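# Residue-level structural notes
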Amino acid sequence: GESVGLHLPTLSVQEGDNSIINCAYSNSASDYFIWYKQESGKGPQFIIDIRSNMDKRQGQRVTVLLNKTVKHLSLQIAATQPGDSAVYFCAETRMGGGNKLTFGTGTQLKVEL
Amino acid sequence: DAGVTQSPTHLIKTRGQQVTLRCSPKSGHDTVSWYQQALGQGPQFIFQYYEEEERQRGNFPDRFSGHQFPNYSSELNVNALLLGDSALYLCASRALAGDYKNIQYFGAGTRLSVL
């Protein structure tokens, strides 16, 4: 299928290493944030979310950190696997504002064997 | 449990034509949103439907319109197609209640090419 990340920033990591993907969000009124993974030819897939009253949330092999002071999010993937290769987007929204998602630029993650 | 399904998968149209894209939400979901994703970019919000009415709209012209049916499925219509409308059109659904009500789940999209 076609690539969704032709002109996106790229992060290359070795299999087994940890990955850190960063995202700056724009709206200080946003109170809910989601990380999505998008593989070539597919729609965005939910990974993990975090509300603004938290600064860290952990899932299976993934951790999201939120720094509201500088409007920054990061997604940490432990023990990166080839199946993690994809484009990763952060999205912001206001839960009381209809949940319209505003997406960041996206980062292409490439896992090298 | 079927996820969000969209049809068709691919579509080729010429400038000036009209197109209709279809979306069936995830089971138990009643709110549908449409997004446009140009190649190499993140999805851009077009509009959201709930209870068969447009509830929120992004920065898209009136050529983009939609509809939601009583079974919660939705259509996106684009009139007078322009070359710049070529993109992946994504449908997302969510529930208005429950533990996961804020999470939007996406379909695989419809790839529209305007020639």
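Structure's up top.
Fair warning: this is a prediction, and the values are worked out from it, not measured in the lab. (Residues numbered from 1 in each chain as written. Chains lettered and ligands numbered in written order. Predicted model: local features only at pLDDT ≥ 70, side-chain atom pairs only at ≥ 80, totals over all residues. Heavy atoms only, no water.)

Two faces, one strand: in a regular strand the side chains alternate between the faces of the sheet. All names here are of chain B. Of all five residues making up strand E8 (residues 74–78), five are buried, and the element is well covered by its neighbours. On E8, burial covers both faces: Ser74, Leu76 and Val78 on one face and Glu75 and Asn77 on the other are all buried. With five bridges joining them, strand E3 (residues 19–24) and E8 adopt antiparallel strand pairing. Bridged to Leu21 within E8 is Leu76. Across five bridges, the pairing between strand E7 (residues 64–68) and E8 is antiparallel. Note that in E8 the partner of Phe64 across the bridge is Val78. Taking the residues that link successive antiparallel strands as the turn, the E7-E8 hairpin has five residues, and the phi of Tyr72 there is positive, at about 80 degrees. (Buried < 20%, exposed > 50% of the residue type's maximum accessible area, 1.4 Å probe, protein only. Helix = DSSP H or I, 4+ residues; strand = E, 2+ residues; numbered from the N terminus. Pairing = 2+ DSSP bridges.)

In this section: the environment of Ala78 of chain A. All names here are of chain A. Position of Ala78 relative to the elements: it lies in the loop between strand E7 (72–77) and strand E8 (86–93). Here Ala78 falls in the partly exposed class, since its relative accessible area comes to 31%. Taking the C-alpha atoms as reference points, Ala78 and Thr63, separated by 15 residues in sequence, lie 8.4 Å from one another. When residues no more than four places from it in sequence are discounted, the contact partners of Ala78 are Asp17, Asn18 and Arg61. (Contact = heavy atoms within 4.5 Å.)

Of note, Gln38 of chain A is situated in strand E3 (residues 32–38). Taking the relative accessible area as the measure of exposure, Gln38 of chain A reaches 1% and is therefore buried. A polar side-chain atom of Gln38 of chain A sits 2.9 Å from the main-chain carbonyl oxygen of Lys42 of chain A. One polar contact links Gln38 of chain A to Gln37 of chain B, side chain to side chain, over a distance of 2.9 Å. (Polar contact = N/O pair within 3.5 Å; in protein donor to acceptor, adjacent residues only side chain to side chain.)

Residues and elements named next belong to chain A. Tallying each qualifying case throughout the model produces two disulfides over all chains. Here Cys23 is linked by a disulfide to Cys90, with a sulfur-sulfur distance of 1.5 Å. Taken together, the positions of Cys23 in strand E2 (residues 19–24) and Cys90 in strand E8 put the pair 67 residues apart, joining distant regions of the chain. You'll find Cys23 and Cys90 in the same group, each marked buried. (Disulfide = S-S within 2.5 Å.)

Our next topic: the pattern of salt bridges. With the rule as written, the count across this model stands at seven salt bridges over all chains. The residue Glu39 of chain A makes a salt bridge to Lys42 of chain A at a minimum N-O spacing of 3.7 Å. Residue Lys42 of chain A is classed as partly exposed on the basis of its relative accessible area of 45%. Across the pair Arg22 of chain B and Glu75 of chain B runs a salt bridge, and its minimum N-O distance is 3.4 Å. With a gap of 53 residues between them, Arg22 of chain B in strand E3 and Glu75 of chain B in strand E8 connect regions that are remote in the sequence. (Salt bridge = Lys/Arg side-chain N within 4 Å of Asp/Glu carboxyl O.)

Throughout the structure, instances matching the rule amount to twelve aromatic pairs over all chains. Seen from their ring centres, Phe47 of chain B and Tyr49 of chain B are 5.3 Å apart, and the 90 degrees between their planes marks the pair as edge-to-face. The same class applies to Phe47 of chain B as to Tyr49 of chain B, namely buried. Among the aromatic residues, those joined into a cluster by ring pairs are Tyr36, Phe89 and Phe103 of chain A together with Tyr35, Phe45 and Phe106 of chain B. Cation over ring: Lys26 of chain B sits above Tyr105 of chain B, and NZ or CZ is 5.4 Å from the ring centre. (Phe/Tyr/Trp six-rings, centres within 6.5 Å; stacked < 30°, edge-to-face > 60°. Lys NZ or Arg CZ within 6 Å of the ring centre and 35° of its normal.)

A few words on the sheet that holds strand E6 (residues 62–67) of chain A. All names here are of chain A. Strand order in this open sheet of four strands is E2-E7-E6-E5, and the pairing throughout is antiparallel. Because the sheet does not close on itself, it has two edges, and the strands there are E2 and strand E5 (56–58). Ignoring strand direction, the axes of neighbouring strands in this sheet form an average angle of 15 degrees. (Axes fitted to C-alpha atoms, helices over the stretch in contact; angles between N-to-C directions.)

Residue and element names in this part refer to chain B. Pairing in this open sheet of four strands is antiparallel, and the strands run E1-E3-E8-E7 from one edge to the other. Both outer strands of the open sheet, strand E1 (5–7) and E7, are each paired with one neighbouring strand and no more. Strand-to-strand twist in this sheet, taken as the mean axis angle between neighbours without regard to direction, amounts to 20 degrees.

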